[in-house]
Amino acid sequence: MARVNIPSFTLNDGTKIPALGYGTWLGMDAKFEFSAEGMPQMMEALSYAIDIGYRHIDTAHLYRVEPEVGKIIDKKIKDGVVKREDLFVTTKVWHHFHREADVEVSVRGSLRRLNLDYVDLVLMHWPMSISQDGVDEKIDYLETWRGFESVLSKGLAKSIGVSNFNVEQMKRLLANCKVPPSTNQVEINLNLGQKELVDYCQANNVVVVAYSPFGTMVPSRSAPNSPEPKLNNPTMIAIGKKYGKSVTQVTLRYLYQRGIVSIPKTVTPSRVVENASIFDFELDKGDMETIAKFDNGFRTVRPFFWQDYQNYPFEKIPDKMEIPESLRIWKNGLNLDID
Ligand SMILES: NC(=O)C1=CN([C@@H]2O[C@H](COP(=O)(O)OP(=O)(O)OC[C@H]3O[C@@H](n4cnc5c(N)ncnc54)[C@H](OP(=O)(O)O)[C@@H]3O)[C@@H](O)[C@H]2O)C=CC1
Ligand SMILES: O=C1CO[C@H](CO)[C@@H](O)[C@@H]1O
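Residues numbered from 1 in each chain as written. Chains lettered and ligands numbered in written order. Predicted model: local features only at pLDDT ≥ 70, side-chain atom pairs only at ≥ 80, totals over all residues. Heavy atoms only, no water.

## Overview of the packing of aromatic side chains
All chains considered together, the criterion is met by 13 aromatic pairs. Plain terms: the ring middles of Trp126 and Phe314 are 5.7 Å apart, the flat faces sit at 65° to each other, and that makes the pair edge-to-face. Of the two residues, Trp126 is situated in the loop between strand S6 (121-124) and helix H4 (141-153) and Phe314 in the loop between helix H10 (285-292) and helix H11 (328-331); the sequence distance between them amounts to 188 residues. Considered together, Trp126 and Phe314 belong to a single accessibility category, that of buried residues. Members of the aromatic cluster, each reached through a chain of ring pairs, are Trp94, Trp126, Phe304, Phe305, Trp306, Tyr312 and Phe314. Here the basic side chain of Arg84 rests over the ring of Tyr118, its NZ or CZ set 4.0 Å away from the ring centre. Positioned above the aromatic ring of Phe281, the side-chain terminus of Arg253 is 5.6 Å from the ring centre. (Phe/Tyr/Trp six-rings, centres within 6.5 Å; stacked < 30°, edge-to-face > 60°. Helix = DSSP H or I, 4+ residues; strand = E, 2+ residues; numbered from the N terminus. Buried < 20%, exposed > 50% of the residue type's maximum accessible area, 1.4 Å probe, protein only. Lys NZ or Arg CZ within 6 Å of the ring centre and 35° of its normal.)

## Examining H10
Taken together, the buried positions of H10 are occupied by Asp287, Met288 and Ile291. Buried positions in H10, seen along its axis, are confined to an arc of 105° and lie on one side of it. Considering only its buried residues, H10 is in contact with helix H7 (234-243) and helix H8 (247-257). The N-capping residue of H10, defined by a side-chain oxygen 3.2 Å from the backbone nitrogen of Gly286, is Asp284. (Arc of directions from axis to C-beta. Contact = heavy atoms within 4.5 Å. Polar contact = N/O pair within 3.5 Å; in protein donor to acceptor, adjacent residues only side chain to side chain.)

## Concerning the UniProt feature "active site" (unreviewed entry) in the chain
Under the local residue numbering, the UniProt record ascribes the feature "active site" (unreviewed entry) to Tyr63. One can find Tyr63 in the loop between strand S4 (56-58) and helix H2 (66-78). Sequence-distant contacts of Tyr63, that is, excluding residues within four places in its chain, are made with Thr24, Trp25, Asp58, Lys92 and His125. (UniProt positions renumbered as here; feature names shortened; annotations may be inferred.)

## Quick look at the site of ligand 2
Taken together, Trp25, Leu62, Tyr63, His125, Trp126 and Trp330 make up the full set of residues near ligand 2. Tyr63 places a side-chain nitrogen or oxygen 2.6 Å from an oxygen atom of ligand 2. Within the contact set of ligand 2, an oxygen atom lies 2.9 Å away from a side-chain nitrogen or oxygen of Trp126. With the chains in place, 81% of the 290 Å² that ligand 2 exposes on its own is no longer accessible. Residue composition of the shell around ligand 2, by class: five nonpolar, one polar and no charged. (Near = heavy atom within 4 Å. Areas by Shrake-Rupley, 256 points an atom, 1.4 Å probe, with all protein chains shown as cover. Nonpolar A, V, L, I, M, F, W, Y, C, P; charged D, E, K, R; others polar.)

## Some thoughts on the side chain of Arg84
Mapped onto the secondary structure, Arg84 falls in the loop between H2 and strand S5 (88-93). Judged by its relative accessible area of 12%, Arg84 is buried. Side-chain polar atoms of Arg84 contact the backbone oxygen of Tyr118, separated by 2.9 Å.

## Considerations on the environment of Lys265
Within the secondary structure, Lys265 is located in the loop between strand S10 (261-262) and helix H9 (269-276). Here Lys265 falls in the partly exposed class, since its relative accessible area comes to 40%. Aside from chain neighbours lying at most four places away, what touches Lys265 is Gly23 and Trp25.

Put into structure tokens, the structure is as follows:
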């Protein structure tokens, strides 16, 4: 069986985060409901990933896969493949749970579903606070953060961080917290380099985690018309050839050399191996510069239907856009249960 050896970065609280993780968001199905279609394949792929050396799993209350992820973890521990302390499990608190006291309720719910005593990292999934029925609750993320600090002090999580925070929000949080966030998980890929945000986080000892690292290269429902580069981009292919690597491997290696953790999602076993086989080569300076030039600011995850909510982190789309029926589920609240 293939084996992969994944190095780690050190967080500002001293814990180590593996530089590559397994993403567990299955997306929405053809009816734009939460997809369970790919669940069996994903569970098999996750099981295989742990067998070959993945130790970092990225999940969330939102993804509705915590029970299945928990079952795989349990089996791997019982089978003696890993010990709990070898794994790095991240989950996230959805924005229905932003009152200080609700953070603990949400984390305890995740722990129950995952069947774990603690998670290694828990993130505030978004900076806005939106009720179950889509109302802008306008709860300051500083209040929510106090709930995270409390969850940390109770040992429910080893580390606490944020996701989808922009530079201004990071500055304000860092200036007003007792415990600084260890990580900021944001979209980063070849189209969206996020240089300013990455530089700011890294200068302030916050590790950046890249979600949707292939988000704009692989045809996706959320960004069907994303600009180049795609998987067949000649420049990327030529760089890959030079090192005997695929375009996706060059992409993940590029992020790693920028000091960024990646959490690609795949349900395909060969890609599980491919995505982690990036620690045996080094892109030279010229190739790093060439790849950086693809950055054009295009976002795959652009939830414009939240753009008028307080603390929406991204650039607003200037003209009022109709929200298609298919996206109303996001705007009107997601009805995430506690169990
Ligand atoms: N904090 C946040 O708000 C967000 C967090 N996330 C996290 O980030 C993870 C990754 O992001 P995600 O949006 O899923 O997208 P990714 O950028 O990881 O892309 C996933 C797609 O890429 C394909 N793929 C994976 N590896 C390869 C490969 N080697 N060659 C070709 N195609 C490949 C997958 O296909 P297949 O599965 O068929 O192999 C799938 O279609 C999520 O699963 C989730 O954990 C994601 C979005 C937002
Ligand atoms: O984690 C996530 C998965 O992707 C969704 C978009 O498709 C995001 O909204 C969400 O934050």
